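Fold and contact review
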Amino acid sequence: MKEEENRILITIFKSLNPSISDDAMNYMLSSATSRAYKAKEQIISNGTFQKELFYMTSGLVRGYYVNDSGAEITTRFINENGWITHYTALISNEKSKYTFQTLELSEVLVFPFEKILNGYSRYPSLEKIGRLIAESVLKTQQKRIESFQFLDAEKRYLEFVSNYPDLFNRVSLSHLSTYLGIQRQSLSRIRRKIVRK
């Protein structure tokens, strides 16, 4: 990997666990590789086993599933400094129910999950990092679930704009409408209404 990518990794792991040992850090650095994707490439595909954990260094990825009607329903947007994974499938060694597809030219750091698991047993300081990564992914998923439970359509849209201002102009209206669970026409009306305020 490049020196810049090593620096990014060191920053990531030190922020998650400042007491990570040098041996554990070197183990993770030696385990990681970098990978580039063009727009509209799949990083994880529905129906496949996920053997790797991905960290976004640049670009944008959309997670989605296909419903019974054949429509793609967006469940996540992952941009810089985010983790790409169907985590429950990863830790259960099950096939992913989701597809993760790049929306832009994207670069990721790739960690073989088997190496991560081996690292947990060899270096206790890595276990905390694994737990915090899992918490980060699950927290994002839980926030989306709660937005459907407790917010109306307009408030879901406003919350998205507030929480992800850097994504607002990078995702299509179609993808955003399925993510928010709002019909595209209704979302357009909400946006016009807010602009007029």
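Placed above this text is the structure.
**Overview of the overall build of the protein**
The helix and strand inventory of the protein stands at eight helices and eight strands. Relative to the 2.2 N^0.38 estimate, which gives 16 Å for 197 residues, the radius of gyration of the protein is 18 Å and therefore close to what a compact globule would have. With respect to the principal axes defined by its C-alpha atoms, the protein has extents near 55 × 35 × 30 Å. Once local pairs closer than 6 in sequence are excluded, the contacts in the protein between residues at least 24 apart make up 71%.

**What about the sheet that holds strand S3 (residues 52–58)?**
Two modes of strand pairing occur in sheets, parallel and antiparallel, and in both the strands are linked by backbone hydrogen bonds. Across the sheet, four strands lie side by side as S1-S8-S3-S6; this open sheet has antiparallel pairing. The outermost strands of the open sheet, each flanked by one partner alone, are strand S1 (33–37) and strand S6 (83–84). In this structure, S3 lies alongside S6, joined through two bridges in antiparallel fashion. Note on S6: the bridge partner recorded for Phe54 is Ile84.

**Quick word on the side chain of Thr99**
Counting through the fold element by element, Thr99 comes out in strand S7 (residues 99–102). The class for Thr99 is buried, based on a relative accessible area of 7%. Looking at Thr99, its side chain comes within polar contact range of the main-chain nitrogen of Asn46, at 3.1 Å. For Thr99, the contacting residues outside a window of four places in its chain are Gln42, Ile44, Ser45, Asn46, Arg62, Gly63 and Tyr64.

**Brief notes about the nonpolar core**
Residues Leu9, Ile12, Phe13, Trp83, Phe111 and Leu126 are the most contacted members of the largest nonpolar core, which totals 27 residues. In contact with Trp83, not counting residues within four places along its chain, are Ile12, Leu53, Phe54, Tyr55, Arg76, Ile78, Phe111, Ile133 and Val137. Counting 13 residues, the second-largest nonpolar core is a separate cluster that includes Leu167, Tyr179, Ile182 and Leu187.

**Thoughts on the side chain of Arg62**
Mapping Arg62 onto the fold places it in strand S4 (residues 61–66). Every residue in contact with Arg62, bar those within four places of it in the chain, is listed here: Glu72, Thr74, Arg76, Phe77, Thr99, Phe100, Gln101, Leu103 and His175.

**Notes on helix H5 (residues 124–150)**
The end-to-end C-alpha distance of H5, which contains 27 residues, comes to 39 Å, matching closely the 39 Å that a straight helix rising 1.5 Å per residue would cover. Listed as buried for H5 are Ser125, Leu126, Ile129, Gly130, Ile133, Ala134, Val137, Arg144 and Ser147.

**Structural notes on the packing of aromatic side chains**
As enumerated under the stated definition, the model contains nine aromatic pairs in all. Their ring planes at 50° and their centres at 5.4 Å tell us that Tyr27 and Tyr123 sit as a pair that is tilted. Remark: Tyr123 occurs in the loop between helix H4 (113–122) and H5 and Tyr27 occurs in helix H2 (residues 22–31); sequence separation between them is 96 residues. Neither residue differs from the other here; Tyr27 and Tyr123 are each classed as buried. A connected cluster of aromatic rings, assembled from ring pairs, spans Phe13, Tyr55, Trp83 and Phe111. The ring centre of Tyr179 lies 5.0 Å from the NZ or CZ of Arg144, which sits over that ring.

**Structural notes on the environment of Leu180**
Along the chain, Leu180 falls in helix H7 (residues 173–180). Along the backbone, Leu180 and Arg122 are 58 residues apart, and their C-alpha atoms lie at a distance of 42 Å. Apart from the residues within four sequence positions on either side, Leu180 is in contact with Phe148, Arg156, Tyr157, Phe160 and Leu187.

Cut-off values and rules
Residues numbered from 1 in each chain as written. Predicted model: local features only at pLDDT ≥ 70, side-chain atom pairs only at ≥ 80, totals over all residues. Heavy atoms only, no water. Helix = DSSP H or I, 4+ residues; strand = E, 2+ residues; numbered from the N terminus. Rg over C-alpha atoms; globule rule 2.2 N^0.38 Å. Contact = heavy atoms within 4.5 Å. Pairing = 2+ DSSP bridges. Buried < 20%, exposed > 50% of the residue type's maximum accessible area, 1.4 Å probe, protein only. Polar contact = N/O pair within 3.5 Å; in protein donor to acceptor, adjacent residues only side chain to side chain. Core = buried A, V, L, I, M, F, W, Y, C linked by side-chain atoms within 4.5 Å. Expected span 1.5 Å × (residues − 1). Phe/Tyr/Trp six-rings, centres within 6.5 Å; stacked < 30°, edge-to-face > 60°. Lys NZ or Arg CZ within 6 Å of the ring centre and 35° of its normal.

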